[in-house]
Structures are given as C-alpha cells and as structure tokens.
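Here's the letter readout for the chains.
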Amino acid sequence: MKKNLPTTPDRRTFLKTGGVAAAALLTKGAIAAQTPHTLPPLPVNERTRTAMPTRNLGKTGYKVGIFSLGGQAALEKHDNFDVAVPIIERSLDLGVNYIDTSSIYGGPERWSEQYVGRVMKTRRNEAFLATKTKERTRDGSLRMIEKSLQLLNTDHVDLWQLHDVGLPEDVDAIFAKGGAMEALLEMQDQKVVRYLGVTGHYRPEALIDAVNRHNFDAILMAMNAADTHIHSFTDKLLPLVVEKQMGIIGMKVPSRGRLLASWTPPSLDAQRHSWEGSAIAHRPGVMTMKDAMNFTLSHPVSTVIIGCDNIAQLEENVKIAQNFTPLSNSQMAALNELAAPVAEQSLFFRFTDRSKG
C-alpha cells in the first residue's frame, strides 16, 4: 500500500469498520495508511472577537474565548437532542469557539458526543473541539478515539485528553508500555488529533506527576472559589502549568450549582444516589454565577468550561464573559473566605471513593 495516497473517503471507511476487525486494524501502520498527512487550519468563529475577551490557549496559537461550552448538564442527558443541540448551536452563534466533551459523558451511548456531532456535521470549522479518553491502555484509547470521530462527525479532534487523572496508579498505567500515552502520541503523529492534554479534579499530585512526564499542550483542571480549602489545585498545580505555558482550562466553576446562592440542595436520598453525593450538601451556596466565573477568570487560565441546562444559562454566562473585569486580590480573598462554609459540598469531586473503580 502506498503511504502517499491517503484520502478522507478511505479514512472514513476505516473508521466505520467495527468489532474485532476494527480492533485488529488499530495499529500504527494501519492508521498511518488511512489518515491525511495534514490537518486543516485551526477553527475560526468570526463572532468570538466581538463577543468576549480572548486569551492564548497556551502555546497552541489558538485564541480562545474566555467562556467555553462544557459537555455535561443538558449535553449529557439521555436522548436530549431537542434541548442540547439548540444550546450548542446558540453557543456558536454567540461567539463561543471551544466545545468540550468526553467519551464517557452520557453513559455508554455517549450522548454528549452525539449532540456535539450533530452540530459539528455542518459547523466543524467554527469550534475548537476537545474530547477525552478514560481508558488507560493504548488499545482501549484507540477504540475510544475511533468512536469519538464517528459520533462527532469529524476526521480530527483539536484536543484529545486523558480523562480524570487522579491517582498515582492512573499515571503509572497511562505511561506504562501499552498504556494510553502511546495512543495519544500515535494519533497526534498521524494527524488524527492536533494537541494533547490531561484532565483531573481529584488530587493535584497525580496531575503534577503527569505534566512532569510529558510536555502536554493543555490541562483541564478544577478551579473554583472554594479550591484552596481542600487539596488545592490553585496553590499546588497552577504555578507549575503556568510555568510550562500550557493551555489552562478551568472547570467545576460553579460546582454544578453547589457554590451558588440560587441553588437548592436536592433531598438527601437523591444526593446519596448521585455522584455529587460524595459530599452531602445541607444548604445553598454563597455567591452569584458572576462572582464564581469572575473569580476563576481572574487567575491565569485560558478559558473556563461550563455546562448549561438551557439557553438562558448559556446567554447569562456569555454576558458575564463579555463584561469580565479582573477582580482585585482583596476581592478574590473575600470570595475565597465566603466559600469556606460550603467548601466541602463545592468540592464534592474530591471526596469520591476512587477505590471502587
């Protein structure tokens, strides 16, 4: 087979191959023979420049709007096309130019990638597209990216990330022989993915280890007004990734609402049966969405990703980004102190029992 004759149609045929045959094809040579040698130019949403401030996404050269769309909330609910797709469409119309999703958002059906893919079918060149692999092996991760490309209706991803790196054993598995890092490097080499990243919200130490082992382009990390009170990413991890000039994407900004005064805690029974119930909330939060966003954006982050339940929330977040003014040190200190009584509920993701898998 001549390696100088790859075409997109051939590649799409490869990506549609399923089951055992697909697994057999997931080798560097097979993918190399079926993939383009060049990536298209970086996406451009012409509305972004006038919609909100932009910042450098690390050393990538991409100018990202300071508010970006997260792939959870409405975008991870079962069979929610009628709500999720209009949110994604509207976000692009409002100037959002970065969309986050993952292979595990929305369960085995991967609803989040389905919704994003519905929009990417016609608007791929308007959004910097990021997805993730939770798999820790090379072969598992290659299967993940194959399916991601199919669901997202694209032949390349702008940022492929290692999802939820929280423990030392995660890092060891990823960088072991046959580990997920091999898949990331292969896919970057074959121009299936443009940039590589790592994500996490549990403990900073594992992420510190990961970014010291590889020169990742970006990191997606939990950063909100309660962060410094428990296993602080702001104190321990942020200085390192700033020094490495990585693209820094902040997440868990309102902590699924738990940081907001407008939030009403679900019943105890409902909380115990949810992921967020790893830290039971007994009271509303303490600040506005504007406070929460402005706090995180006043740090040296490139952008923040926030999932939206509806278009009204999306429009509010874009307006906050549009009118953003950095907080003073005293304002940030006041919000950090204000968050102290709700720190545990606002950092629920740091209390999950990860020993259960």
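Only a predicted model underlies this, so the values are computations on that prediction, with no experimental measurement involved.

This brings us to helix H9 (residues 180-189). When H9 is considered as a whole, its buried residues turn out to be Ala180, Met181, Ala183, Leu184, Glu186 and Met187. Among the residues trailing H9, lysine 191 stands out with phi positive, at a value near 60°.

Ranked by size, the top nonpolar core spans 91 residues in total, and within it Phe67, Phe216, Ile219 and Met293 carry the most contacts. With six residues, the top contributor of residues to this core is helix H5 (residues 81-93). The residues contacting phenylalanine 67, other than those within four sequence positions of it, are Met52, Val96, Met293, Thr303, Val304, Ile306, Cys308, Leu314, Asn317, Val318 and Ala321. Ranked by size, the runner-up nonpolar core spans 13 residues in total, among them Leu57, Leu159, Tyr195 and Leu220.

Turning to the pairing of strand E5 (residues 128-133), a few remarks are in order. With six of its six residues buried, E5 lies for the most part within the structure. Bridging between strand E4 (residues 98-100) and E5 involves three bridges; their strand directions are parallel. Residue pairing across strands places aspartate 100 opposite alanine 130, the latter belonging to E5. Read from E4 through helix H6 (residues 111-123) to E5, the crossover connection turns out right-handed. Pairing analysis gives four bridges linking E5 to strand E6 (residues 157-162), with the strands arranged parallel. In the sheet register, threonine 133 faces E6, and the bridge partner there is leucine 162. Handedness of the E5-helix H7 (residues 138-152)-E6 crossover: right-handed.

Residues of the chain with pLDDT of at least 70 account for 89%, and the chain-wide mean is 91. Between residues 1-33, whose pLDDT stays under 50, and residues either more than four places distant or in other chains, the model counts 51 contacts.

Every buried residue of helix H16 (residues 329-338) is listed here: Met332, Leu335 and Asn336. Buried positions in H16, seen along its axis, are confined to an arc of 100° and lie on one side of it. H16 presents Ser330 and Glu337 as exposed residues on the side facing more than 90 degrees away from its buried surface. Elements that come into contact with the buried residues of H16 comprise helix H14 (289-297).

It is worth spelling out the packing of aromatic side chains at this point. Following the criterion strictly, the structure yields eight aromatic pairs and no others. Geometrically, the ring pair formed by phenylalanine 81 and tryptophan 111 is edge-to-face, given 6.0 Å between the ring centres and 80° between the ring planes. Of the two residues, phenylalanine 81 is situated in helix H5 and tryptophan 111 in helix H6; the sequence distance between them amounts to 30 residues. Exposure remark for phenylalanine 81: the relative accessible area of 17% places this residue in the buried category. On the accessibility criterion, tryptophan 111 (10% relative accessible area) is buried.

This part covers the environment of aspartate 309. Position of aspartate 309 among the secondary structure elements: in the loop between strand E10 (303-306) and helix H15 (311-322). The partly exposed category is assigned to aspartate 309, whose relative accessible area is 37%. A C-alpha to C-alpha distance of 9.8 Å links aspartate 309 and lysine 77, two positions 232 residues apart in sequence.

Looking at the element boundaries, threonine 133 is found in strand E5. Given the relative accessible area of 0%, threonine 133 is considered buried. Side-chain polar atoms of threonine 133 contact the side chain of serine 141, separated by 3.1 Å. Threonine 133 has contacts with Ser103, Ser141, Met144, Trp160, Gln161, Leu162, His163 and Leu184, leaving out every residue within four places of it along the chain.

Where H6 contacts H7, the two axes come as close as 7 Å, and the packing angle between them is 50°. In terms of their interaxial angle, H6 and H7 are classed as oblique. Here Glu113, Gln114, Val116, Gly117 and Met120 of H6 lie close against H7, whose contacting residues are Ser148, Leu151 and Leu152. Classifying every residue of the contact of H6 with H7 gives four nonpolar, three polar and one charged.

For the rest of this paragraph, the subject is the pairing of strand E9 (residues 247-251). Of all five residues making up E9, five are buried, and the element is well covered by its neighbours. Neither face of E9 is open: one carries Gly247, Ile249 and Met251, the other Ile248 and Gly250, and all of them are buried. Note that strand E8 (residues 218-222) and E9 share five bridges and pair parallel. By the bridge assignment for E9, leucine 220 is matched with isoleucine 249. As judged from the two bridges shared by E9 and E10, these two strands associate in the parallel manner. Looking at E10, one finds that glycine 250 is bridged to valine 304.

Reading the values: rules and limits
Residues numbered from 1 in each chain as written. Predicted model: local features only at pLDDT ≥ 70, side-chain atom pairs only at ≥ 80, totals over all residues. Heavy atoms only, no water. Buried < 20%, exposed > 50% of the residue type's maximum accessible area, 1.4 Å probe, protein only. Helix = DSSP H or I, 4+ residues; strand = E, 2+ residues; numbered from the N terminus. Core = buried A, V, L, I, M, F, W, Y, C linked by side-chain atoms within 4.5 Å. Contact = heavy atoms within 4.5 Å. Pairing = 2+ DSSP bridges. Right-handed = clockwise from strand over helix to strand, strands pointing away. pLDDT = per-residue confidence, 0-100. Arc of directions from axis to C-beta. Phe/Tyr/Trp six-rings, centres within 6.5 Å; stacked < 30°, edge-to-face > 60°. Polar contact = N/O pair within 3.5 Å; in protein donor to acceptor, adjacent residues only side chain to side chain. Axes fitted to C-alpha atoms, helices over the stretch in contact; angles between N-to-C directions. Parallel < 35°, antiparallel > 145°, perpendicular 65-115°, else oblique. Nonpolar A, V, L, I, M, F, W, Y, C, P; charged D, E, K, R; others polar.

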